[in-house]
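This is what each chain is made of:
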Amino acid sequence: MNTVTRPRILVVGAGFAGVECVRRLERKLAPGDAEITLVTPISYQLYLPLLPQVASGVLSPQTIAMSLRRSTKYRTRIIPGGAIGVDLKAKVCVIRNITGRILDEPYDYIVLSPGSVTRTFDIPGLTDHAFGMKTLAEAAYIRDHVIAQLDLADASEDPAERASRLQFVVVGGGYAGTETAACLQRLTHAAVERYPRLDPGLIKWHLIDIAPKLMPELGGKLGRSAQEILTRRGIEISLGVSIAKAGPTEVTFTDGRVVPTHTLIWTAGVVASPLIATLGAETVRGRLAVTADMCLPGEDGVFALGDAAAVPDDAKGVEGAVCPPTAQHAVRQGRQVADNVIATLTGRPLRPYHHKDLGLVVDLGGTDAVSKPLGVELRGLPAQVAARGYHWSALRTNVAKTKVMTSWLLNSIAGDDFVRTGFQARQPAKLRDFEYTDVYLTPEQVRAHVEEAGLAVR
């Protein structure tokens, strides 16, 4: 193939699925075989499972952000922006770059891996007053915020203000919420020793979830073990409870309790990227309905995977089962989609995705952890070794592995300096300010834009 006729492969999203797909395409295709383009607002792959450790200061933000530009051997063109609409008929992706400019990117094959966004509900004040835990910026911002509450409580002469600044609420009893509450509680517990004017008994962490069990995916025994560990550390866990409304200085629970607090962290699940709704295609609980080989039915050259796609989970042997939105599935799906794209280019048959879940790990900080690798239930130090060993091995680059291991060792020996970077000196930023979910187009707007640009198929 020459450079004029080589097919254009567009990958949307630089999460686990998108990056793994791009890297495999680069390894298996010669430069003249195809033109590969990646659309992402950030030029790094974020290792999401370790965000709570960034928020708590165990790791610095750069340790879990693996640059896509570090190696000169990679040839993929990166467009710095987010896809806000796709016209499947015209084969055009509408992109809003980081300056706000709208671009139209034509493609021959598209791989949709835009990931997910924080799931919110119509709760008064939620998006105005809650923090999320989905991006690197949010994790770094929450760390600043929590330390700022200790500083402000220490400086306050008002007992009511002091008490409210030392109460923290985390909503979501899944992995993200449980690890966030656990890691940040350790941060405040260690930091309060540096504030002699503060009563450690005033620091209270609340972890709430509408579900009847904490992390039900772990099973009853391990879920109870995690709950016992957190309760022993002073975290108040309320199940069957959610948020009725949120304000700047207090949160009302659905059971009627009013908790004075300046810190509400919302981690109650995720939903597929709003980009999926712009396609006007069939969905399963908001995720794009695809075949076992991760193709969009009825569309030529359209693949979808990761959090945004309902990929059939053949390994479970249960009809209608779909793969959970986890990193281990996303990585393996990325490799399989790359192989299927190449198979499409060369006229070979596509292979369905099949992968048995390797298990779950939950790092609660220190030597506290619960893990279930390959179905084996672990607690305490063995579980912590399994959890950190899994995360360390899953990091994509040796540079990232070295940074993370060094940070773990330094933190275990030297502890934390509880330094704020100064975010709180500027206008506060909450959940609605980080994920930009209001920029996506409707299917009608996408079609109108493409027609106006003269790219529509008649």
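The name given to the chain in an unreviewed UniProt entry is NAD(P)/FAD-dependent oxidoreductase, and the organism recorded there is Streptomyces prasinus. The UniProt entry for the chain carries the following text under Sequence similarities (unreviewed entry): "Belongs to the NADH dehydrogenase family."

Trainee: Honestly, the packing of helix α1 (residues 16–28) against helix α8 (residues 327–346) in this entry has me stumped. Any pointers?
Mentor: Angle between the axes and distance between the axes: these two values describe a pair of packed helices. Closest axis-to-axis distance for the α1/α8 pair is 7 Å, and the angle between their directions is 35°. Read as a crossing pair, α1 and α8 show a hand that is right-handed. The residues of α8 that touch α1, namely those facing F16, A17, E20, C21, R24, L25 and K28, are A327, A330, V331, G334, R335, V337, A338, D339, V341 and I342. Taken together, the residues that form the contact of α1 with α8 break down as eleven nonpolar, one polar and five charged.

Trainee: In this structure, what is going on with α1? I would like to understand it.
Mentor: It helps to recall that an α-helix has 3.6 residues per turn; residues three or four apart then point in one direction. Taking 1.5 Å per residue, 13 residues should reach 18 Å; α1 reaches 18 Å between its end C-alpha atoms and fits that length. Within α1, ten of the 13 residues are buried, which leaves it mostly tucked inside the rest of the structure. Among all positions of α1, only F16, A17, G18, V19, E20, C21, V22, R23, L25 and E26 are buried.

Trainee: Could you clarify how one ought to interpret the sheet that holds strand β19 (residues 287–289) in this entry?
Mentor: Hydrogen bonding along the main chain pairs the strands of a sheet, whether they run parallel or antiparallel. A sheet is described by the order of its strands in space; here three strands give the open sequence β18-β19-β21, paired in mixed fashion. A strand with exactly one partner marks an edge of an open sheet, and here the two such strands are β18 (283–284) and β21 (309–310). Of the strand pairs in this sheet, β19 and β21 are connected by two bridges, and their pairing is parallel. Paired with L288 across the strands is A309, a residue of β21.

Trainee: How do you make sense of the sheet that holds strand β8 (residues 109–112) when you look at a structure like this?
Mentor: Across the sheet, which stays open at both edges, the seven strands sit in the order β7-β6-β5-β2-β1-β8-β20 with mixed pairing between neighbours. In this open sheet, the two strands that pair with only one neighbour each are β7 (102–106) and β20 (302–304). Ignoring strand direction, the axes of neighbouring strands in this sheet form an average angle of 35°. Here six bridges tie strand β5 (residues 77–87) to strand β6 (residues 92–97), and the two strands are oriented antiparallel to one another. Paired with G85 across the two strands is V94, which belongs to β6. Against the sheet, α1 contacts β1 (8–12), β2 (35–40) and β8, and its axis sits at roughly 155° relative to β1.

Trainee: Would you mind going over the environment of L455 with me for this structure?
Mentor: Within the fold, L455 resides in the segment after α11 (443–452). Taking the C-alpha atoms as reference, L455 lies 10.0 Å from K89; in sequence the two are 366 residues apart. Apart from the residues lying within four places of it in its own chain, the contact partners of L455 are A90, V92, D104 and V450.

Trainee: Would you mind showing me how to read the pairing of strand β23 (residues 369–373) here?
Mentor: Every regular strand shows the same layout, with side chains that alternate between the two sheet faces. As paired elements, strand β22 (residues 359–363) and β23 share five bridges and run antiparallel to each other. Paired with D363 across the two strands is A369, which belongs to β23. Between β22 and the antiparallel strand that follows it, β23, lie five residues; G365 among them carries a positive phi value of about 90°. Pairing of β23 with strand β24 (residues 378–379) involves two bridges; the strand directions are antiparallel. Its bridge partner lying in β24, V370 is registered against R379. The turn joining β23 and β24, which pair antiparallel and follow one another in sequence, is formed by four residues; a positive phi near 55° is taken by L374.

Trainee: Is there a simple way to think about the pattern of salt bridges in this case?
Mentor: Should their charged atoms come close, side chains of opposite charge can pair. Inspection of every chain in the model, using the stated rule, returns 20 salt bridges. The shortest N-O distance in the salt bridge between E20 and R335 comes to 3.0 Å. Taken together, the residues E20 in helix α1 and R335 in helix α8 connect sequence positions 315 residues apart. Accessibility expressed as a relative area gives 33% for R335, which makes it partly exposed. We note a salt bridge from E161 to R165, for which the minimum N-O separation is 2.9 Å. Placement of both E161 and R165 in helix α5 (residues 159–165) is noted, with a separation of four residues, approximately one turn of the helix. For E161, a relative accessible area of 27% puts it in the partly exposed group. When its relative accessible area of 14% is taken as the criterion, R165 is described as buried. Each of R24, K28 and D339 takes part in salt bridges that share partners, so that together they form one network.

Trainee: Could you clarify how one ought to interpret the packing of aromatic side chains in this entry?
Mentor: In this description, a pair of aromatic rings is defined by centroid distance and the angle of the planes. Across all of its chains, the model carries five aromatic pairs by this definition. Centre to centre, the rings of F16 and Y47 are 5.5 Å apart; their planes meet at 85°, and the pair counts as edge-to-face. Taken together, the residues span a long stretch of sequence, with F16 in helix α1 and Y47 in the loop between β3 (44–46) and α2 (51–55) at a distance of 31 residues. Assigned by exposure class, F16 and Y47 land together as buried. Consider the rings of Y141 and F434, whose centres lie 6.0 Å apart with planes at 65°: the pair is edge-to-face. Taken together, the positions of Y141 in helix α4 (residues 136–155) and F434 in the loop between α10 (398–414) and α11 put the pair 293 residues apart, joining distant regions of the chain. Of the two residues, Y141 and F434, neither departs from the other in class, the shared state being buried. Aromatic ring contacts, followed pair by pair, group F131, Y141 and F434 into a single cluster.

Analysis parameters
Residues numbered from 1 in each chain as written. Predicted model: local features only at pLDDT ≥ 70, side-chain atom pairs only at ≥ 80, totals over all residues. Heavy atoms only, no water. UniProt positions renumbered as here; feature names shortened; annotations may be inferred. Axes fitted to C-alpha atoms, helices over the stretch in contact; angles between N-to-C directions. Helix = DSSP H or I, 4+ residues; strand = E, 2+ residues; numbered from the N terminus. Left-handed = near helix turned anticlockwise from the far one by under 90°. Contact = heavy atoms within 4.5 Å. Nonpolar A, V, L, I, M, F, W, Y, C, P; charged D, E, K, R; others polar. Expected span 1.5 Å × (residues − 1). Buried < 20%, exposed > 50% of the residue type's maximum accessible area, 1.4 Å probe, protein only. Pairing = 2+ DSSP bridges. Salt bridge = Lys/Arg side-chain N within 4 Å of Asp/Glu carboxyl O. Phe/Tyr/Trp six-rings, centres within 6.5 Å; stacked < 30°, edge-to-face > 60°.

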